Amino acid sequence: MTKRREPLTFERALCTIGGAIGWDVCAAIVGRSERAVRAWSEPDIETEISILDAQRLDSAFMARGGDHAPFHRVYAARLGIEAAQPDETALIEMAASVAKESGEATAAFIAAARNPSAANRRAARKEGEEALAAITSGLARLDRPGEES
């Protein structure tokens, strides 16, 4: 049975990289044993990857065709969640904002795919950033202090 790795965790980011480039390759990149690297991916083991090793693995993942930096994505998203100050806006309003911004981002990405002009790519980046901000705010709303997990 596969252990569950929660979204937006470093353990899940490491599993993404290890699954794509190989655990043996990850171990060689960071100069550790494969067992030690796999331990970093275990949520119930109190050992953690260093920021420098995470950066090395992100770089290796992208160099081997990955479309993003998994550790960076988690780190950036979690910083956004921590920094977000959820207000009394209802969760349904947050969901509506996520849907709206995601829809606008999707439309902008399609427009950029059809006509990859500088203006269309710029618009897609802008809309994508707005969608990411809406999602981050929504996640922060879900993780309000004092509410059950």
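Now for a quick tour of the structure. Everything quoted here is computed from the prediction, not taken from an experiment.

Conventions we followed
- Residues numbered from 1 in each chain as written.
- Predicted model: local features only at pLDDT ≥ 70, side-chain atom pairs only at ≥ 80, totals over all residues.
- Heavy atoms only, no water.
- Helix = DSSP H or I, 4+ residues; strand = E, 2+ residues; numbered from the N terminus.
- Buried < 20%, exposed > 50% of the residue type's maximum accessible area, 1.4 Å probe, protein only.
- Contact = heavy atoms within 4.5 Å.
- Axes fitted to C-alpha atoms, helices over the stretch in contact; angles between N-to-C directions.
- Parallel < 35°, antiparallel > 145°, perpendicular 65-115°, else oblique.
- Left-handed = near helix turned anticlockwise from the far one by under 90°.

Looking now at the overall build of the protein chain. Looking only at helices and strands, one finds seven helices and zero strands in the protein chain. Going from the N terminus to the C terminus, the protein chain shows its helices and strands as α-α-α-α-α-α-α. Across the 149 residues that make up the protein chain, the buried fraction comes to 31%. In the protein chain, 58% of the contacts between residues at least 6 apart in sequence involve partners at least 24 apart.

Right, let's talk about the environment of Ala112 for a bit. Looking at the element boundaries, Ala112 is found in helix α6 (residues 91-114). Judged by relative accessible area, Ala112 falls into the buried class, the value being 12%. Apart from residues lying up to four places away in sequence, Ala112 is in contact with Asn120, Arg121 and Ala124.

Right, let's talk about the packing of helix α2 (residues 23-30) against helix α4 (residues 51-63) for a bit. Relative orientation of the contacting elements α2 and α4 amounts to 130 degrees, with a least axis distance of 10 Å. Classed by the angle they form, the pair α2 and α4 counts as oblique. Considering how the two elements wind past one another, α2 and α4 form a crossing that is right-handed. Along the contact surface, α2 presents Cys26, Ile29 and Val30, while α4 presents Asp53, Arg56, Leu57 and Ala60.

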